Amino acid sequence: MSPALADTGTVRLKEIARIEGVRDNPLTGYGLVIGLAGTGDTNKNRLTVQSVANTLSHFGVNISPDDLNSRNVAAVLVTATLPAFAESGQKLDVSVSSLGDARSLSGGVLLLTPLNGPDGKLYALAQGALSVGGYDVRSFGSMEQKNHPTVGRVPDGASVEREAPLGLNTDSRSLDVVLYQPDFTTAERVAESLRRYAGVSAVAEHAGKVKVVFGSPPPDMVRAISSIENVPVTPDAIARVVVNERTGTVVSGGDVRLGSVTISQGDLRISVQTDYLVSQPEALINPSRSIGTAVVPQSTIRVQDPEARMVNMPNGATVADLVSALRAIHLSTRDLITILQSIKAAGALHGDLVIQ
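Here we summarise the structure given alongside this text. Everything numeric here is computed off the predicted structure, so don't read it as measured data.

**Concerning the overall build of the protein**
Logical step 1: Scanning the protein for helices and strands turns up seven helices and 23 strands.
Logical step 2: Looking at the protein as a whole, 34% of its 356 residues are labelled buried.
Logical step 3: Partitioning the contacts of the protein with sequence separation of at least 6, the portion at a separation of at least 24 is 69%.
Logical step 4: Of the roughly 21,100 Å² that the protein leaves accessible, carbon and sulfur atoms contribute 51%.

**Overview of empty space enclosed by the protein**
Logical step 1: Taken as a whole, this structure holds one cavity of 30 Å³ or more when the rule is applied.
Logical step 2: Every residue lining the largest cavity is listed: L13, K14, A17, R18, I19, V177 and E229.
Logical step 3: Those elements that place two or more of their residues in the lining of the largest cavity are α2 (13-16) and β2 (17-19).
Logical step 4: Among the elements that take part in the lining of the largest cavity, β2 stands out by supplying three residues, more than any other.

**Considerations on the sheet that holds strand β11 (residues 174-179)**
Logical step 1: The strand order β2-β11-β13-β12 describes an open sheet built from four strands, whose pairing is antiparallel. Of all the strands in the sheet, just β2 and β12 (201-206) have a single pairing partner and so form its edges. The average undirected angle you get between the axes of adjacent strands in this sheet is 25°.
Logical step 2: Strand direction decides the pairing type here: β11 and strand β13 (residues 209-213), joined by five bridges, are antiparallel. Among the inter-strand pairings, L175 is bridged to a residue of β13, identified as V212.
Logical step 3: Along the sheet face, helix α4 (residues 184-198) touches β11, β12 and β13 and points at about 170° away from the line of β12.
Logical step 4: Against the sheet, helix α5 (residues 221-229) contacts β2, β11 and β13, and its axis sits at roughly 35° relative to β11.

**Brief notes about the side chain of D183**
Logical step 1: Its place among the elements puts D183 in the loop between β11 and α4.
Logical step 2: One buried charged side chain, D183, makes no salt bridge at all; its nearest oppositely charged neighbour is R189, positioned 7.0 Å away.
Logical step 3: In terms of polar contacts, D183 uses its side chain to reach the backbone amide nitrogen of T185, at 3.1 Å.
Logical step 4: Excluding residues within four positions of it along the chain, D183 makes contact with A207, D236 and I238.

**Here's the deal with the side chain of T39**
Logical step 1: If you trace the backbone, T39 turns up in the loop between β3 (25-34) and α3 (46-57).
Logical step 2: Excluding anything up to four places from it in sequence, T39 contacts R71, A102, R103 and S104.

**Examining the environment of G152**
Logical step 1: Counting through the fold element by element, G152 comes out in strand β10 (residues 151-160).
Logical step 2: Expressed as a C-alpha distance, the spacing of G152 and S131, which sit 21 residues apart in the sequence, is 5.5 Å.
Logical step 3: Residues within four places of G152 in sequence aside, it is in contact with V94, S95, V96, S131 and V132.

**What about the nonpolar core?**
Logical step 1: By size, the foremost hydrophobic cluster in this structure holds 25 residues, and its most contacted members are V96 and L115.
Logical step 2: The set of elements that each furnish at least two residues to this core consists of β3, β4 (74-82), β5 (91-98), β6 (109-116), β7 (122-129) and β10.
Logical step 3: The residues touching V96, leaving out its near neighbours within four places in the chain, are V33, V76, L77, V78, L105, L110, L130, T150, V151, G152 and V154.
Logical step 4: A187, A191, A224 and V233 belong to the second-largest nonpolar core, a separate cluster that totals 24 residues.

**Side note on unusual backbone geometry**
Logical step 1: With phi around 65°, F85 is a residue other than glycine that occupies positive phi space.
Logical step 2: By the secondary structure assignment, F85 is in the loop between β4 and β5.
Logical step 3: Located in the positive-phi region is D156, a residue other than glycine, with phi close to 50°.
Logical step 4: Mapped onto the fold, D156 is located in strand β10.

**Quick notes on the packing of aromatic side chains**
Logical step 1: A complete count under the given rule lists zero aromatic pairs for this structure.
Logical step 2: A cation over an aromatic ring shows up here: R162 above the ring of Y123, its NZ or CZ 5.5 Å from the ring centre.

**Observations concerning a nonpolar patch on the surface**
Logical step 1: Taken together, the side chains of Y30, L47, L77 and L99 make up a nonpolar region of the molecular surface, amounting to roughly 330 Å² of accessible area.
Logical step 2: Relative to the elements of secondary structure, L77 occurs in strand β4.

**Some points on α4**
Logical step 1: Over its 15 residues, α4 runs 21 Å from end to end, which matches the ideal 21 Å to within 8%, given 1.5 Å per residue.
Logical step 2: Measuring from the backbone nitrogen of T185 back to the side-chain oxygen at the start of α4 gives 3.1 Å, which picks out D183 as the cap.
Logical step 3: Trailing α4 by a residue or two, G199 shows a phi angle of about 65°, which is positive.

**Thoughts on the environment of G100**
Logical step 1: Within the secondary structure, G100 sits in the loop between β5 and β6.
Logical step 2: Taking the C-alpha atoms as reference, G100 lies 6.9 Å from A74; in sequence the two are 26 residues apart.

**Digging into the sheet that holds β4**
The strands making up a sheet associate through backbone hydrogen bonding, with each pair oriented either parallel or antiparallel.
Logical step 1: Pairing is antiparallel in the closed barrel, where six strands are placed in the order β3-β4-β5-β10-β7-β6. Between one strand axis and the next, the sheet turns by 30° as a mean value, whatever way the strands run.
Logical step 2: By the bridge criterion, three bridges tie β3 to β6 in an arrangement that is antiparallel. Considered in β6, the bridge of I34 is made with V109.
Logical step 3: Helix-sheet contacts for α3 involve β3, β4 and β6, and the interaxial angle to β3 is about 85°.

Definitions and limits used
- Residues numbered from 1 in each chain as written.
- Predicted model: local features only at pLDDT ≥ 70, side-chain atom pairs only at ≥ 80, totals over all residues.
- Heavy atoms only, no water.
- Helix = DSSP H or I, 4+ residues; strand = E, 2+ residues; numbered from the N terminus.
- Buried < 20%, exposed > 50% of the residue type's maximum accessible area, 1.4 Å probe, protein only.
- Contact = heavy atoms within 4.5 Å.
- Areas by Shrake-Rupley, 256 points an atom, 1.4 Å probe, with all protein chains shown as cover.
- 1 Å grid on protein atoms, 1.4 Å probe; cavity = no way out; pocket = protein on both sides within 12 Å on 5 of 7 lines; lining within 4 Å.
- Points joined across faces, edges and corners; volume = space filled by probe spheres on them.
- Pairing = 2+ DSSP bridges.
- Axes fitted to C-alpha atoms, helices over the stretch in contact; angles between N-to-C directions.
- Lys, Arg positive; Asp, Glu negative; His and termini not counted.
- Salt bridge = Lys/Arg side-chain N within 4 Å of Asp/Glu carboxyl O.
- Polar contact = N/O pair within 3.5 Å; in protein donor to acceptor, adjacent residues only side chain to side chain.
- Core = buried A, V, L, I, M, F, W, Y, C linked by side-chain atoms within 4.5 Å.
- Phe/Tyr/Trp six-rings, centres within 6.5 Å; stacked < 30°, edge-to-face > 60°.
- Lys NZ or Arg CZ within 6 Å of the ring centre and 35° of its normal.
- Patch = residues over 30% accessible without salt bridge, like charges linked within 9 Å, V, L, I, M, F, W, Y side chains within 5 Å.
- Expected span 1.5 Å × (residues − 1).

Here it is in structure tokens:
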């Protein structure tokens, strides 16, 4: 992106939208991982035992599933993503996940596995050695585990056998531009930019789609789409604050404004500490059976109620100003999240508050 575009907040259309019909496709398959060092599925998993027997039958080995006793095999589900415009022979990364009770897939090899699309057709074949970023070691009741050893990847483990389905009609006089973040203002700006810079007829059908109509079918659809993707657009920024309570993360856009608000935050702390003392009778000759050692609890309660700290935010202040003011009085991120929720409830946060 040129510095001029970055300075004005203008981006290329391809950064905020895509051409309808150009999309990735999920692939799924069932397979076996072999070569495990006793960390595969147990005989209780009849799915794996039956699959091994069926696989051996393809090699002329007929054996009953009841005669199999090995933990070197694991049943797995194989997934991959078929990108748009994928051609036959292209390599794909695949993910392998255990379906049974295997302890680890480390060191295993994925047998040839067909990968099918949602339409039930075969699009790729997967096979290869697994890369597992973890381990599970057990010995005499002790266990040491790192990361997640029942999930692995096979880099370039799948080969595309069928071209990806494409919903783009290269002989058509129209195509649709789909926004990643639907917004009425942005959709109208996209249509206006297309009319101005690409010389095509464009109409915003709704907040997430803009229809482009050519005067006649383009002789080179790739060049036409390329010119459309590089049209400069200034998207409308949505005032939004995203809060993750689990990690204590607060992310705010630059256009989020606050109304006039006063924040008073107290810090009441109550500490209860209990010490257990032992009362032991001493210097008693032949004490009675009713006399013995006693545990006596002693509790100490401390209450700290410092003066509440106040912060005044003028009308039009940003969330960044609020964070700086609250940091100045040494408030934690957890307290900041609670205050943002209260400000939203008070109607002084002019934007969306998304809590994850």
